[in-house]
Amino acid sequence: MAKDPEQPVRTANQRGAARLAAVQALYQMDVGGTGVLEVVAEYEAHRLGQELDGDTYLKADAAWFRSIVSGVVRDQTKIDPLIRSSLQEDWPLSRLDSTLRAILRAGTFEILERKDVPVAVIVTEYVEIARAFFEEEPPRIVNAVLDRIAKQVRGEAKK
């Protein structure tokens, strides 16, 4: 059954769309060397809630999107060592797929900075994003790594 188009989009959906767009933007920056201001401007003008090449992007919370992307860039020297210490000993961050690295960076940023959002919500959202891109192992890695970081940073795990 189709949803009523007049029904307002819930904030959580807009945050979820913002998280997905942030992961895509971080990936684009990582692979293409695009700057943060350029990528944020591109997403806000052409992607968030817009149609591009026949695909309609979900309406996203633009402020949430901006805070994740700029926060990951600003705090990357804090975020990457946390992720690295939560991976297996013989697994350097550079060995991870760029998309997986972007997911872990965005999720770690939220665990560090968005104390108003429960760990369970953050971990679940980013595991779902991982499932959109990967099968099997990567979503499990996202779950395990973000859970370890949450225990370390907030003293709590996903409930």
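Just so we're clear, the structure is a prediction, and the values are computed from it rather than from any experiment. (Residues numbered from 1 in each chain as written. Predicted model: local features only at pLDDT ≥ 70, side-chain atom pairs only at ≥ 80, totals over all residues. Heavy atoms only, no water.)

(A) Spotlight on the pattern of salt bridges. Under the counting rule described, the total for this entry stands at 11 salt bridges. Ionic pairing is found between D80 and R105, a salt bridge with its closest N-O pair at 2.8 Å. Of the two residues, D80 sits in helix α4 (residues 76-86) while R105 sits in helix α5 (residues 98-113), which places them 25 residues apart along the sequence. An identical accessibility class is assigned to D80 and R105; each is buried. The salt bridge involving E128 is made with R131; its shortest N-O contact spans 2.6 Å. Residue E128 and its partner R131 are both found in helix α6 (residues 119-133); the two are separated by 3 residues, about one turn of the helix. Residue classification places E128 among the partly exposed positions, given a relative accessible area of 42%. Using a relative accessible area of 49% as the deciding quantity, one classes R131 as partly exposed. One salt-bridge network, in which partners are shared between bridges, spans R19, E110 and E125. (Salt bridge = Lys/Arg side-chain N within 4 Å of Asp/Glu carboxyl O. Helix = DSSP H or I, 4+ residues; strand = E, 2+ residues; numbered from the N terminus. Buried < 20%, exposed > 50% of the residue type's maximum accessible area, 1.4 Å probe, protein only.)

Everything listed is a geometric property; what it means functionally is a separate question.
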